[in-house]
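# Reading the structure
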Amino acid sequence: MRLSRRITIMLAGAVLATGIAGSGVPAVARDPAPGVADLTRDLDRILADSRLAPARAGVAVRSAATGEDLYSLDADKLFAPASNTKLLTSAAALDTLGTDFRFTTDVLAASKVGRTVAGDLTLRGTGDPTMLAADYDALAAKVAAAGVKVVTGRLVADDTWFDDVRLGTDWAWDDEPYYYAGQISALTAAPDTDYDAGSVIVSVAPGDGPGKAAKVSTTPATGYVKIVNRAVTGDETDVLVERQHGTDTVVVSGTVSEPYDEWVAVWDPTLYAASLFREGLTRHGVKVLGPTVRGTTPAKAATIASRRSMTLGDLLVPFLKLSNNMHAEILTKTMGRKVSGAGTWAAGLAVTTAFAQANGVKTLRLRDGSGLSRVDALTPAGITALLTAVRGKPWFPTWYAALPIAGEAERMVGGTLRSRMGGTAAAGNVHAKTGSLTGVTALSGYVTSADGEPLVFSVISNGYLSGPPRDLEDRIAIRLAQFSRKAPVDETVDETAAARGLTPGSSPQEAAPSFPGRSAGDLECSWLKPAPC
């Protein structure tokens, strides 16, 4: 049995001999409560799985009501947390910005606004990840409604609310074309209401007959992305959609027999957003004579049109349910901008780190807000400390509801847990954040025991060589939902897992589609588009 396997809770009799002054009565150690001993035995059995033999696993289970540690395995060791990092980022953002925070996107001009704007027209962003092509079109319509027909100067894209560092430190270079590693800019656009900022959807459909060119389109429809179509109609769909590095040229190749969609990160989200706005201006009869350029807003510019985003409280739902990386990074830079006036990763991570340390996270290292960096490091004990501490925050109910909920089929309720733990004591009970990278899987959150006791838990595995052992996370969460201090649980964890149709080594996401060169298990299930969860 491994050292540091557990911390069991001793009853009140296990006090210091001097606990009763002058009594002379020695302390007597008693066995743990039957339910705690039973829980320890079952979690030990789950974590004895052979897949963890060459790997590292850390587990912490705590009573949120009393702060007691019910179980611990290497809980104070540092692990790569993957998207469990978003627990810290989202909580810090709510505490720093507030649930009612909104992003703004403005259109401004320094000259008098009439039929002709003499000079430049400026589009200024503050990082809104929810901006759609329709929203840029609506801003253009407001400019036209103000009577503007001609802009004699340039269209200036002002993204200076954030710095110009677009990709996170330590991000893998081969993730760069994929939408889940989209570039971060204060001016950006999303293709749909998952709000995957900085990306387009490339759709490939069969052409007019076998061997004929496939039909390729984008959402939003835009000329900003250049499509090189080498795909043909065939008997099967085997399509490769690749954006060439350093460009906004997308090459589509292979064969297609049925419609196929791929989400692709653009190379330059600032100019992408500006192009959508410019196309909207043209549709609404506003002609800009000069080119589109980057720049800053003149000091005396007046606002012609403005758009405010949904509240941060509402944004938390797609952010946490779907584990959206761009939301995490945008909020990180936004916190930096608010607290220190610098829209940078360094400034934002300083805010998150200070918040985490003030709420029980003793040891951590953060390099980004999403967990894409493999240099990020958290401890299971630190995560459970944070989960316990924030229960008293005024924004906690909003945050708790935004976490994925086990076994809830509705995508924006169950999120990345919608296909996990269904039909068990954990279904509709566990609110937790998933985390997935190659060789990393994590699950941390809340569960209510069979006695109604609120528990927090964190399970992180690193370095396994098998498929992701997510079934072990599920079995632990289910067992915690069954936990009672009063008596052992009759049904074993293995029987519960078997009832769900899971056997050791299986995972609900293993049959999902994958990116070229990637196993579906390497990614959050919501990152597989169209998402299986």
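So, here's what we can say about the structure. In every chain, residue numbers begin from 1 and rise along the written sequence. This being a predicted model, a pLDDT of at least 70 is required before a residue's local features are given, and a value of 80 or more before pairs of side-chain atoms are given or counted; all residues contribute to the totals for chains, interfaces and linings. Based on all heavy atoms of the structure, the side-chain values leave hydrogens and waters out of the count.

A word on helix α11 (residues 470-482). Only DSSP runs of H or I reaching four residues or more are called helices, and only runs of E reaching two or more are called strands; each is numbered from the N terminus. One less than the number of residues in a helix, times 1.5 Å, gives the span that helix is expected to have. Here α11 spans 19 Å end to end across 13 residues, near enough to the 18 Å set by a 1.5 Å rise per residue. For α11, the buried fraction is high: 13 of the 13 residues fall into the buried class. Only protein chains enter the calculation, and the probe is 1.4 Å; a residue is then buried if its accessible area is under 20% of its type maximum, exposed if over 50%, and partly exposed in between.

Further remarks concern the sheet that holds strand β17 (residues 302-308). Each strand in a sheet pairs with another by means of backbone hydrogen bonds, the pair being arranged parallel or else antiparallel. Strands are treated as partners if at least two bridges between them are detected by DSSP. Spatially, five strands are ordered β16-β7-β5-β3-β17 in an open sheet, and the strand pairing comes out mixed. Either end of the sheet is taken by a strand with one partner, and the two such strands are β16 (292-294) and β17. Neighbouring strand axes in the sheet, compared pairwise and without regard to direction, differ in orientation by 20° on average. Where strand β7 (residues 155-158) and β16 come together, three bridges link them in parallel fashion. Opposite V156, over in β16, you have V293 as the bridge partner. The axes are straight lines fitted to the C-alpha atoms, using for helices just the contacting stretch, and the angles between their N-to-C directions are given from 0 to 180°.

Let's shift gears to the environment of F483. Looking at the element boundaries, F483 is found in the loop between α11 and α12 (493-499). C-alpha separation for the pair F483 and L39, spaced 444 residues apart in sequence, amounts to 6.9 Å. It only takes one pair of heavy atoms within 4.5 Å for two residues to be counted as in contact. In this structure, F483 is in contact with G35, V36, L39, L70, S449, A450, D451, E453 and L455, ignoring residues within four places of it in sequence.

This brings us to the packing of helix α2 (residues 85-97) against helix α5 (residues 312-321). As a packed pair, α2 and α5 sit with axes 11 Å apart at the nearest point and diverge in direction by 175°. As judged from the angle between their axes, α2 and α5 are roughly antiparallel. Along its contact with α2, which presents K86, S90, A93, L94 and L97, the element α5 presents L312, L316, F319 and L320. All residues other than Ala, Val, Leu, Ile, Met, Phe, Trp, Tyr, Cys, Pro, Asp, Glu, Lys and Arg, Gly among them, are scored as polar; the first ten of these are nonpolar and the last four charged. A per-class count over the contact of α2 with α5 returns seven nonpolar, one polar and one charged. Each angle receives one of four descriptions, namely roughly parallel if under 35 degrees, roughly antiparallel if over 145, roughly perpendicular if within 65 to 115, and oblique otherwise.

Once that is clear, we can look at the sheet that holds strand β9 (residues 215-219). Here we have three strands laid out as an open sheet, ordered β9-β8-β14, and antiparallel in their pairing. This sheet does not close on itself; its edge strands, each paired only once, are β9 and β14 (260-265). Along the sheet, successive strands turn relative to each other by an average axial angle of 25°, direction set aside. Relative to β14, strand β8 (residues 199-205) is paired through six bridges, and the arrangement is antiparallel. Residue pairing in the sheet places V200 in a bridge with V264 of β14.

Attention now goes to empty space enclosed by the protein. Of the grid points, spaced at 1 Å and generated over the protein atoms alone, those admitting a 1.4 Å probe that cannot get out make up cavities, while open sets with protein on both sides within 12 Å along at least five of seven lines make up pockets; any residue with an atom within 4 Å of a point is treated as lining. Grid points are joined across faces, edges and corners, and a volume is the space filled by probe spheres set on the points. Under the counting rule described, the total for this entry stands at three cavities of 30 Å³ or more. Volume-wise, the largest cavity comes out at about 40 Å³. Y179, Y180, D196, L322, S323, N324, N325, M326, S526, W527 and K529 together form the lining of the largest cavity. Broken down by class, the residue content of the lining of the largest cavity amounts to five nonpolar, four polar and two charged.

Here we take up unusual backbone geometry. With an omega of 0°, the peptide bond running from T219 to P220 counts as cis. By the secondary structure assignment, P220 is in the loop between β9 and β10 (226-229). Here D74, not a glycine, exhibits a phi torsion of approximately 45°, which is positive. By secondary structure assignment, the location of D74 is in the loop between β2 (69-73) and α2. One non-glycine residue, M421, lies in positive phi territory at about 70°.

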